[in-house]
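Examination of the molecular architecture
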Amino acid sequence: MKTTTQIDGEMLEKLIETARNARNWAYAPYSHYAVGAALLTASGKIYDGVNIENAAFPAGICAERVAMFKAVSEGERDFTVLVVMTDNGGSPCGSCRQVMAEFGLSTRVLIVDTNGKTHIDTTVEGLLPWAFRPEDLL
Ligand code: THU
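Attention here is on the structure that accompanies the text. None of the values given here were measured: they were computed from a predicted structure.

**Brief notes about unusual backbone geometry**
The backbone of His-32 shows a phi angle near 60 degrees, a positive value even though the residue is not glycine. One can find His-32 in the loop between helix 1 (9-23) and strand 1 (36-41). Residue class for His-32 comes out exposed when judged on its relative accessible area of 65%. With phi around 60 degrees, Trp-130 is a residue other than glycine that occupies positive phi space. Along the polypeptide, Trp-130 turns up in the segment after helix 4 (124-127). Here Trp-130 falls in the exposed class, since its relative accessible area comes to 86%.

**Overview of the sheet that holds strand 5 (residues 118-123)**
If you trace the five strands from one edge of the open sheet to the other, you get 2-1-3-4-5, paired in mixed fashion. With partners counted over all chains shown, the strands left at the sheet margins are strand 2 (46-50) and strand 5, one partner each. Each strand of the sheet is rotated relative to its neighbour by a mean of 15 degrees, with strand direction disregarded. Taken strand by strand, helix 2 (residues 63-72) contacts strand 1, strand 2 and strand 3 (79-86), and its axis lies near 140 degrees from that of strand 2.

**A short note on the packing of aromatic side chains**
Taken as a whole and assessed by the stated rule, the structure comprises two aromatic pairs. Consider the rings of Tyr-30 and Phe-57, whose centres lie 5.5 Å apart with planes at 45 degrees: the pair is tilted. Of this pair, Tyr-30 sits in the loop between helix 1 and strand 1 while Phe-57 sits in the loop between strand 2 and helix 2; the two residues are 27 residues apart in sequence, bridging distant segments of the chain. Considering the side-chain rings of Phe-79 and Phe-103, the 5.4 Å spacing of their centres and the 45 degrees angle between planes classify their relative orientation as tilted.

**Considering the site of the ligand**
The immediate surroundings of the ligand are formed by Ser-31, Tyr-33, Val-35, Asn-51, Glu-53, Cys-62, Ala-63, Glu-64, Ser-91, Pro-92 and Cys-93. Within the contact set of the ligand, an oxygen atom lies 3.0 Å away from a side-chain nitrogen or oxygen of Asn-51. Ala-63 is positioned with one of its backbone polar atoms (N or O) 2.9 Å from an oxygen atom of the ligand. Taken by itself the ligand offers 370 Å² of open surface, and the protein chains cover 76% of this. Split by residue class, the shell around the ligand holds six nonpolar, three polar and two charged.

Conventions used here
Residues numbered from 1 in each chain as written. Predicted model: local features only at pLDDT ≥ 70, side-chain atom pairs only at ≥ 80, totals over all residues. Heavy atoms only, no water. Helix = DSSP H or I, 4+ residues; strand = E, 2+ residues; numbered from the N terminus. Buried < 20%, exposed > 50% of the residue type's maximum accessible area, 1.4 Å probe, protein only. Pairing = 2+ DSSP bridges. Axes fitted to C-alpha atoms, helices over the stretch in contact; angles between N-to-C directions. Contact = heavy atoms within 4.5 Å. Phe/Tyr/Trp six-rings, centres within 6.5 Å; stacked < 30°, edge-to-face > 60°. Near = heavy atom within 4 Å. Polar contact = N/O pair within 3.5 Å; in protein donor to acceptor, adjacent residues only side chain to side chain. Areas by Shrake-Rupley, 256 points an atom, 1.4 Å probe, with all protein chains shown as cover. Nonpolar A, V, L, I, M, F, W, Y, C, P; charged D, E, K, R; others polar.

Pasting the structure below:
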């Protein structure tokens, strides 16, 4: 899958380190699967996110959505790159893909592991082809 967003290596490193640092704050006492995310907006800001679990399991939320919701709640809707870091390079869940698609299909998404290996380098469209989108409601 081709990527649409080129960013320089320095910015990519910054995003990866942001996701790595954020991951330390993951609240995952049930799954023990810590996830860190870093979201770069078109305005140049970086929002991080972690998964936050709950004793009532469905009330928890993924790292990707935390990062996106933090950004949107501060007026950002134009996302450039989303980096997701886990121990094993696990792929984003369907709910997170749907939220990504709400804000644009061309956002680049990188799935990396804690060793620095990139498992997936794609776009939101690559993760969720044929997405249901805002224009489908018009
Ligand atoms: N999780 C994420 O935060 N992002 C993903 O991409 C996959 C799953 C979280 C949800 C839950 O807290 C834990 O990882 C196990 O599913």
